[in-house]
Amino acid sequence: QVQLVESGGGLVQAGGSLRLSCAASGSIFSIRAMGWYRQAPGKQRELVARITSGGSTNYADSVKGRFTISRDNAKNTVYLQMNSLKPEDTAVYYCNGVRDWDNYDYWGQGTQVTVSS
């Protein structure tokens, strides 16, 4: 089992920045990729950014150039640096971990990000 705990959400004005953190514990050796998803009210959950165990990254088009995903292997933590935030970035952000052998998804509890105009 893997446990994921997010932190760092909050309220920020448009143009501001936030950094989300996701601390992983448990059988983390089984995780091949970590990522951030978000879900706004009335919308489906969508991938924001992902980083593999090898360090490859990919981003949603809507956040490219503004968000950066990174990982600190020594701390078993993944970060999402969010700059130039827009009101449309408002959502609950979820940390995700994908298990290596069967692509099982682990999820954190979510953290609210609200961007005011």
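Going along each chain's sequence as written, the residues are numbered from 1 onward. Selection of residues for local features in this predicted model requires a pLDDT of at least 70, selection of side-chain atom pairs for listing and counting requires 80 or more, and totals for whole chains, interfaces and linings are taken over all residues. Computation of side-chain values covers all heavy atoms of the structure but excludes hydrogens and water.

Considering the overall build of the protein
Comment: elements are numbered from the N terminus, with helices defined as DSSP H or I runs of at least four residues and strands as E runs of at least two. What the protein contains, in helices and strands, is zero helices and 11 strands. Taken from N to C terminus, the helices and strands of the protein fall in the order β-β-β-β-β-β-β-β-β-β-β. For 117 residues, the compact-globule formula gives about 13 Å, and the C-alpha radius of gyration of the protein, at 13 Å, lands near that figure. Its C-alpha atoms give the protein principal-axis dimensions of about 40 × 25 × 25 Å. Residue burial is assigned from relative accessible area. The probe radius is 1.4 Å, only protein chains are included, and a residue is buried under 20% of its type maximum, exposed over 50%, and partly exposed in between. Counting only residues that meet the buried cut, the protein has 41% of its 117 residues in that class. In what follows, a contact means two residues having at least one pair of non-hydrogen atoms within 4.5 Å. The long-range fraction of contacts in the protein, counting pairs at least 24 apart against all pairs at least 6 apart in sequence, stands at 53%. Using the Shrake-Rupley algorithm and a 1.4 Å probe, accessible areas are obtained, with residue cover drawn only from the displayed protein chains. When the accessible surface of the protein is summed, it comes to about 6,100 Å², and 46% of that surface belongs to carbon and sulfur atoms. Counting rule applied: Lys, Arg positive; Asp, Glu negative; His and chain ends not counted. Note on charges: their place is set at NZ of Lys, CZ of Arg, CG of Asp or CD of Glu. When the 12 positive and 9 negative side-chain charges of the protein are each reduced to one mean point, those points stand 3 Å apart. Here the globule rule is a power law, 2.2 Å times the number of residues to the power 0.38, and the radius of gyration is based on C-alpha atoms.

Focus on the pattern of salt bridges
Side chains that differ in charge, positive against negative, can pair when their charged atoms come close. Here, a salt bridge means any side-chain nitrogen of Lys or Arg that lies within 4 Å of a carboxyl oxygen of Asp or Glu. The final tally for this structure, using the stated rule, is five salt bridges. For Glu46, the salt bridge is made with Arg38, and the minimal N-O distance between the two is 2.7 Å. Here Arg66 and Asp89 are joined by a salt bridge, their closest N and O atoms 2.8 Å apart. Note that Arg66 is positioned in the loop between strand S6 (57-59) and strand S7 (67-72) and Asp89 in the loop between strand S8 (77-82) and strand S9 (91-99), a separation of 23 residues in sequence. Across this residue pair, the class does not change: Arg66 and Asp89 are buried. A cluster of three or more residues bridged by salt bridges with shared partners is formed by Arg38, Glu46, Arg66 and Asp89.

Comments concerning the pairing of strand S4 (residues 31-39)
Along S4, seven of the nine residues are buried, which leaves the element largely enclosed by surrounding structure. Sheet analysis places S4 next to S9, joined by eight bridges and oriented antiparallel. Within the sheet, the bridge partner assigned to Arg38 lies in S9 and is Tyr93. A pair of strands is treated as paired once DSSP finds two or more bridges between them. Where S4 folds back onto strand S5 (residues 46-52) in an antiparallel hairpin, the turn is made up of six residues, including Gly42, whose phi is positive at roughly 80 degrees.

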